[in-house]
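Spelled out, the chains give:
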Amino acid sequence: VVTEKPRRKILGLHPNVFFLGLVSFFTDVSSEMIFTLVPLFLTNVVGISTTLVGVLGGISDSTDSLFRIISGRIGDKIGRHKLLTILGYGLATFVKPFMLLANSWGAVTAIRFGDRVGKGLRSASRDALLADSLGSKERGKGFGLHRAMDTAGAVVGVASVAIIVYLMEGATAFDMQRNTYRVMVLAGIFPAIIAVLILVGLVRERKREG
């Protein structure tokens with residue numbers, strides 16, 4: 001039995017679905033703006049090899065996968081999926097501004113590690129919030145909507161990167177300057193903050209009895 005005051009549906013679904021979609025949309029805008037060109041930042045500005053860039057990328061992806069398993073178990077055990085989701089998105093948002101100060105591969109790796117830990121913490125619990133907000137006949141529609149909004153965020157983020165690069169460096173002389181990257185980080189911080197505010201204020205835990 002779901003114990004929750006009824007809320008008006010959005011697009012025919014529980015409001016949690018739409019608001020979690022917005023959270024993913026704004027988070028993806030932010031992440032694409034800040035991290036898409038990290039490999040170029042590392043090679044052009046920091047000056048490390050492409051091999052080391054690949055190793056760092058592999059470490060980041062592994063961290064995400066590991067923490068998804070851990071957070072999923074913890075979320076099921078304590079029954080506080082929203083809390084873990086907030087912690088995950090909050091951690092990722094907290095570390096992103098430090099990219100403004102990063103001037104070594106070690107600093108970039110630490111920031112990426114924090115971002116991936118945040119993603120690992122939030123992903124399983126966010127999906128649990130989605131599942132708890134959907135009836136058995138709505139799950140395809142609900143998860144499809146969420147994925148569409150997530151993907152739209154990635155598209156907007158990449159487009160924003162292209163616009164900033166064009167305005168800062170032109171169409172023919174792109175070499176990833178530090179100032180260009182800092183503008184992308186500054187612009188990318190705000191969507192991440194908006195995502196956390198939506199999550200905290202508009203998404204509700206759905207508690208089930210029995």
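Everything below is about the structure shown above.
Rules of the game
- Residues numbered from 1 in each chain as written.
- Predicted model: local features only at pLDDT ≥ 70, side-chain atom pairs only at ≥ 80, totals over all residues.
- Heavy atoms only, no water.
- Phe/Tyr/Trp six-rings, centres within 6.5 Å; stacked < 30°, edge-to-face > 60°.
- Buried < 20%, exposed > 50% of the residue type's maximum accessible area, 1.4 Å probe, protein only.
- Lys NZ or Arg CZ within 6 Å of the ring centre and 35° of its normal.
- Helix = DSSP H or I, 4+ residues; strand = E, 2+ residues; numbered from the N terminus.
- Lys, Arg positive; Asp, Glu negative; His and termini not counted.
- Salt bridge = Lys/Arg side-chain N within 4 Å of Asp/Glu carboxyl O.
- Contact = heavy atoms within 4.5 Å.

Visitor: I tried to follow the packing of aromatic side chains on my own but got confused; where do I start?
Guide: For any pair of aromatic rings, the description rests on two quantities: the centre-to-centre distance and the angle between the ring planes. Applying the stated criterion across every chain, the model contains four aromatic pairs. Judged by centre distance (5.5 Å) and plane angle (65°), the ring pair of Phe 94 and Phe 98 falls under edge-to-face. A relative accessible area of 39% places Phe 98 in the partly exposed class. Its end group placed over the ring of Tyr 89, Arg 122 keeps NZ or CZ at 4.4 Å from the ring centre.

Visitor: Got a minute to help me understand the side chain of Asp 28 in this structure?
Guide: With respect to the helices and strands, the residue Asp 28 is situated in helix α1 (residues 15–35). Here Asp 28 is buried and forms no salt bridge, its nearest opposite-charge partner Arg 122 lying at an N-O distance of 5.6 Å. Sequence-distant contacts of Asp 28, that is, excluding residues within four places in its chain, are made with Asp 150, Gly 153 and Ala 154.

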